[in-house]
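Descriptive structure summary
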Amino acid sequence: MHSQTGITRRGILTFLLGIVLGFLCTYFLATSQFAALNEARKVPSSPHAFLPDEPHSHGEMDEMEGPDVEQQWTDVEAHQHQDEDREARRLAAEVRVLCWIMTNPSNIKSKARHVKATWGKRCNIILFMSSQAEDSLPTIGLKVNEGRDNLWAKTKEAFRYIYQHHLNEADWFLKADDDTYVVVENLRLLLQDHNPEEPIHFGRKFKPYVRQGYMSGGAGYVLSREAVRRFVEQAMPSPGKCRIDAGGAEDLEMGQCLQSVGVIAGDSRDSAGRERFHPFIPEHHLIPGLVPRNNWYWDYNYYPTKEGPDCCSDYAISFHYVPPNLMYILEYFVYHLKPYGVSSKLILPNTESTDDITDVNSVLEKIQAEGLASEDKLSKAPPANENHRKKFVLEKAPKPTRLSPTAKVNLESSDNMLKINRPKSHSLKTGNYKSKYENNAP
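Residues numbered from 1 in each chain as written. Predicted model: local features only at pLDDT ≥ 70, side-chain atom pairs only at ≥ 80, totals over all residues. Heavy atoms only, no water.

Per an unreviewed UniProt entry, the chain is named Glycoprotein-N-acetylgalactosamine 3-beta-galactosyltransferase 1, and its organism is Capitella teleta. Regarding the chain, the relevant UniProt record gives this comment under Cofactor (unreviewed entry): "Mn(2+)". In the Subcellular location (unreviewed entry) part of its UniProt record, the chain is described as follows: "Membrane". (UniProt positions renumbered as here; feature names shortened; annotations may be inferred.)

Rendered as structure tokens:
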């Protein structure tokens, strides 16, 4: 009887232990499956949680697909607000930019075509570089293998192709990924004061490994014509100056090659020290705390790193890890959304006086306050009609140099603003280009 009781107790303990172990196994299995299910259910249009865990990440956004068809605004002329892109179009003719986009066959329809439908159309020439030729964009088929380990080989072949076919058709040559968004007008603003025959390149400067720094590949970097020439003619053929195999981090290898042939790593920050090229989406730069302090980003920036509103120039050029849906959102906010009743003023860096930016009423006040016009010229009240008021100001005001030593009044502005321009004046933050500035032929 005692023996039977012992067996029964042992059986009960074994049974209870089995239940506990079974419950724990079931719990851990269910938890892991639930986590995997949540991972699979991540919405492609909400990539804001993505943050690369190393500085040379590439391809993580490949599954973030966009709309089935390219999105186009049908009321472009209305959005241009009476030819407000005049200065941008002028600069497009003077500062010719060729943009080449790093892509691959699987990304042509899901990502690359949305680059062409948004910011890519503002480049003077746009080329898509892949391992297979494709007619719709068009895409250049380079003789390289695909994959992260071959990005350096693709970069070299892309610049070789540009050197052979397009070197004299542009002044500056921008490399970007198919998940980079670029405000091309602001790129031209940066470049207009530099000579394309100067050996220089610009981008988001990182500091490890290369003495003068190197430019982040994802944020995009732009080479002068002379920089391209030196890279292809002097650096690429020389094993002592440039890595000749396919491996290596593309942006780091490019930085080392360019340094070896005397191409300067330029400073692309604005006058307030704010960056123009950005390796993440706007959210990760604008909202403090989203990039953890143990992330590589803080150690890699060449210049002091800022977050929050001071992170980014008002004339920002690029953002990276931008999925197609966000490209269209940025396109809308940058080029189409207009606050009613608020005019964009012409910003002139390094002006001696804030008088260089003014409106009609302040011009009139200045004329009266400083006695720059005779009393009889101001005997009549300014007309109520705004266009007539502009003409009135120009008739009553003295020579423009009396208002600002280096300025001249320009009546060719929109809304009720008078623009005071200097030679090589900097223009509105952005503007839209018409199709005649597009050139998609390889």
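Turning next to the pattern of salt bridges. Proximity of charged atoms lets side chains of opposite charge pair with each other. One pass over the structure, following the stated rule, counts 23 salt bridges. Linked through salt bridges whose partners overlap, the residues forming this network are Arg96, Asp171, Glu197, Arg225, Glu226, Arg229 and Arg230. (Salt bridge = Lys/Arg side-chain N within 4 Å of Asp/Glu carboxyl O.)

Glancing now at the side chain of lysine 111. Positionally, lysine 111 belongs in helix H4 (residues 108–117). Separated by 3.3 Å, the side chains of lysine 111 and aspartate 178 make a polar contact. (Helix = DSSP H or I, 4+ residues; strand = E, 2+ residues; numbered from the N terminus. Polar contact = N/O pair within 3.5 Å; in protein donor to acceptor, adjacent residues only side chain to side chain.)

Looking now at the packing of aromatic side chains. Tallied over the full model, the rule gives 14 aromatic pairs. Here phenylalanine 280 and tryptophan 296 contribute two aromatic rings whose centre-to-centre distance is 5.9 Å and whose plane-to-plane angle is 75 degrees, an arrangement assigned as edge-to-face. Of this pair, phenylalanine 280 sits in the loop between strand S10 (264–265) and helix H9 (282–286) while tryptophan 296 sits in the loop between H9 and helix H10 (297–300), placing them 16 residues apart in sequence. Here phenylalanine 280 and tryptophan 296 have matching classes, each one buried. Ring centres 5.4 Å apart and planes at 70 degrees place the aromatic pair tyrosine 297 and tryptophan 298 in the edge-to-face group. Overall, the relative accessible area of 3% leaves tyrosine 297 in the buried class. For tryptophan 298, a relative accessible area of 16% gives the class buried. Aromatic ring contacts, followed pair by pair, group Phe206, Tyr214, Phe280, Trp296, Tyr297, Trp298 and Tyr300 into a single cluster. When the ring centre of tyrosine 303 is taken as reference, the NZ or CZ atom of arginine 269 above it lies at 3.7 Å. (Phe/Tyr/Trp six-rings, centres within 6.5 Å; stacked < 30°, edge-to-face > 60°. Buried < 20%, exposed > 50% of the residue type's maximum accessible area, 1.4 Å probe, protein only. Lys NZ or Arg CZ within 6 Å of the ring centre and 35° of its normal.)

Residues Ile200 and Phe202 line one face of strand S6 (residues 200–203) and the alternating positions His201 and Gly203 line the opposite face, and both faces are buried. In this sheet, S10 lies alongside S6 in parallel orientation, the contact comprising two bridges. Bridged to histidine 201 within S10 is alanine 265. Both S6 and strand S9 (residues 221–224) contribute to a ladder of three bridges, which runs antiparallel. Looking at S9, one finds that glycine 203 is bridged to tyrosine 221. (Pairing = 2+ DSSP bridges.)

A few words now on the nonpolar core. Trp119 and Leu191 are the most contacted members of the largest nonpolar core, which has 51 residues in total. In contact with leucine 191, not counting residues within four places along its chain, are Val95, Val97, Trp172, Phe202 and Val222. Counting 35 residues, the second largest nonpolar core, distinct from the first, contains Leu98, Met129, Ala227 and Cys242. (Core = buried A, V, L, I, M, F, W, Y, C linked by side-chain atoms within 4.5 Å. Contact = heavy atoms within 4.5 Å.)

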